[in-house]
Amino acid sequence: MSVKSSKARGGRWERANFKIVLSYHGGSFDGWQKQPDLNTVQGLVEKHLGQFVDERKAKQLQERSLPIEGCATVAGRTDKGVTALQQVCSFYTWRKDVQPGDIKDTINEAAPDKIKSLVVSEVSREFHPNFSAKWRRYLYIFPLDGDATSISEDEQSSTILENPELKAPQSFDVAKVDKIIRQLEGKMLSYKIFARDTQASRSDGPATECFMYHSRAAVTKLYSADENCKEGTTVMCVELVANRFLRKMVRVLVATTIREAAAGADEDALLNLMDATCRRATAPPAPAEGLCLVDVGYEDFDEQRCFIVD
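Residues numbered from 1 in each chain as written. Predicted model: local features only at pLDDT ≥ 70, side-chain atom pairs only at ≥ 80, totals over all residues. Heavy atoms only, no water.

Turning our eyes to something else, we now look at the overall build of the protein chain. Looking only at helices and strands, one finds 8 helices and 9 strands in the protein chain. Looking at the protein chain residue by residue over its 310 residues, the buried ones come to 47%. Taking all contacts inside the protein chain whose residues are at least 6 apart in sequence as the whole, residues at least 24 apart take part in 75%. On the protein chain, roughly 16,100 Å² of surface is accessible, and the fraction owed to carbon and sulfur atoms is 46%. (Helix = DSSP H or I, 4+ residues; strand = E, 2+ residues; numbered from the N terminus. Buried < 20%, exposed > 50% of the residue type's maximum accessible area, 1.4 Å probe, protein only. Contact = heavy atoms within 4.5 Å. Areas by Shrake-Rupley, 256 points an atom, 1.4 Å probe, with all protein chains shown as cover.)

Here you go:
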């Protein structure tokens with residue numbers, strides 16, 4: 001979004017709004033949202049944005065005995081352990097001397113090798129990283145055994161299920177996972193069953209549903225930067241793109257699809273689960289460490305930009 005003229009406008013329209021595209025390693029932080037005594041992405045970013053706040057805001061914070069920090073609004077909060085390749089947040093200030101390069105350099109000096117500011121640009125005051133977004137793309141990476149089609153009971157029970165008391169399926173076929181999860185494409189999903197840590201009663205109306213643009217699974221190999229590791233690791237990748245997701249929704253979808261594939265369920269298993277009345281009908285969330293927020297889109301979705309296409 002380009003900068004729009006603020007002539008004939010005053011107040012909030014005179015402030016500069018910056019779009020910040022971030023990449024960060026999920027294992028190095030306790031999630032995005034700022035929390036007391038925890039090392040979060042938001043906490044780190046806002047601390048270093050403090051040097052760019054205007055004098056009025058700085059004075060207000062000082063009078064309340066609060067640290068001088070900026071305010072970063074994000075496209076979507078990520079849980080502890082979730083990595084982001086292109087997370088989007090925004091920051092505004094009434095100062096006229098702040099340049100995008102200043103913000104970028106400051107964030108990059110905050111925690112090298114853990115967080116990086118990829119792009120910083122001044123955008124329209126109307127831009128909001130969350131409300132302006134048209135879609136979010138996630139990739140879940142799931143390690144497989146040697147034949148790339150199944151996983152043993154012991155490995156799976158320690159890998160995809162957070163509750164060790166639940167019985168894990170013995171094996172699953174990636175092709176079956178793909179067939180089941182593809183059925184979500186072009187469908188509207190209710191948060192009632194597939195989300196976690198939200199009120200189950202929030203299940204009516206557009207604001208509590210998501211539209212799935214793209215949902216695929218495939219086998220591939222990941223290679224290490226270490227030249228001594230040449231074989232690579234066989235993994236299943238699940239790629240999901242929707243206009244919005246709620247808490248742990250991607251991880252619940254991944255774990256539930258694997259469970260249904262291992263049980264030999266029909267291809268419409270996930271669609272049938274939307275009629276369930278209890279969230280226990282879906283599997284516990286897959287571990288956060290396998291999840292990556294790939295990017296956030298502010299233009300119409302184009303399937304050709306996805307990793308897994310026909």
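Let us keep going from here.
Here we take up the pairing of strand β8 (residues 233-242). Of all 10 residues making up β8, 9 are buried, and the element is well covered by its neighbours. Relative to β8, strand β5 (residues 135-143) runs antiparallel, the two being bridged by 8 bridges. Residue Arg-136 lies in a different strand from β8, and its bridge partner there is Ala-242. (Pairing = 2+ DSSP bridges.)

On average, the protein chain scores 85 in pLDDT, and the residues at 70 or more come to 84%. For the protein chain, per-element mean pLDDT is lowest for helix α4 (residues 153-159), which scores 34, and highest for strand β9 (residues 291-297), which scores 98. For residues 202-206, every residue scores under 50 in pLDDT, and the model assigns this stretch 6 contacts once sequence neighbours within four places are set aside. (pLDDT = per-residue confidence, 0-100.)

As a further point, take the packing of helix α5 (residues 174-182) against helix α7 (residues 249-262). The geometry of α5 relative to α7 is characterised by a closest axis approach of 9 Å and an angle of 120° between their N-to-C directions. As far as their axial angle goes, α7 and α5 are oblique. Note that α5 runs across α7; the crossing there is right-handed. Here Lys-176, Val-177, Ile-180 and Ile-181 of α5 lie close against α7, whose contacting residues are Thr-257, Ile-258, Glu-260 and Ala-261. Tallied by class, the residues present in the contact of α5 with α7 amount to 5 nonpolar, 1 polar and 2 charged. (Axes fitted to C-alpha atoms, helices over the stretch in contact; angles between N-to-C directions. Parallel < 35°, antiparallel > 145°, perpendicular 65-115°, else oblique. Left-handed = near helix turned anticlockwise from the far one by under 90°. Nonpolar A, V, L, I, M, F, W, Y, C, P; charged D, E, K, R; others polar.)

Turning next to the packing of aromatic side chains. The tally for this structure, following the rule as stated, stands at 9 aromatic pairs. Relative to Trp-94, the ring of Tyr-92 has its centre 5.9 Å away and its plane inclined at 85°; by these criteria the two rings are edge-to-face. Judged by its relative accessible area of 35%, Tyr-92 falls in the partly exposed class. Judged by its relative accessible area of 35%, Trp-94 is partly exposed. Measuring from centroid to centroid gives 5.6 Å for Phe-142 and Phe-172, while their planes differ by 80°, and the two rings are edge-to-face. Pair noted here: Phe-142 is in strand β5 and Phe-172 is in the loop between α4 and α5, with a separation of 30 residues, a long-range link. Given a relative accessible area of 1%, Phe-142 falls into the buried group. Of the residues examined, Phe-172 reaches a relative accessible area of 3% and is grouped as buried. These aromatic residues form a ring-pair network of at least three members: Trp-135, Phe-211, Tyr-213 and Phe-301. Directly above the aromatic system of Tyr-92 lies the positively charged group of Arg-15, at a separation of 3.5 Å from the ring centroid. (Phe/Tyr/Trp six-rings, centres within 6.5 Å; stacked < 30°, edge-to-face > 60°. Lys NZ or Arg CZ within 6 Å of the ring centre and 35° of its normal.)

What follows covers the UniProt feature "active site" (unreviewed entry) in the protein chain. When the UniProt feature table is mapped onto this chain, "active site" (unreviewed entry) is found at Asp-79. Mapped onto the secondary structure, Asp-79 falls in the loop between β2 (73-74) and β3 (83-93). Residue contacts for Asp-79: discarding those within four places in its chain leaves Gly-31, Arg-247, Lys-248 and Arg-251. A distance of 3.0 Å separates a polar atom in the side chain of Asp-79 from a polar atom in the side chain of Arg-247. (UniProt positions renumbered as here; feature names shortened; annotations may be inferred. Polar contact = N/O pair within 3.5 Å; in protein donor to acceptor, adjacent residues only side chain to side chain.)

In terms of residue burial, helix α1 (residues 41-49) counts as a mostly covered element, since 7 of its 9 residues are buried. Of the positions making up α1, those classed as buried are Val-41, Gln-42, Gly-43, Leu-44, Val-45, Glu-46 and Leu-49. On its buried face, α1 sits against β1 (16-24), β3, α3 (100-108) and β4 (115-123). Taking the backbone nitrogen of Gly-43 as reference, a side-chain oxygen 3.0 Å away marks Thr-40 as the first, capping residue of α1.

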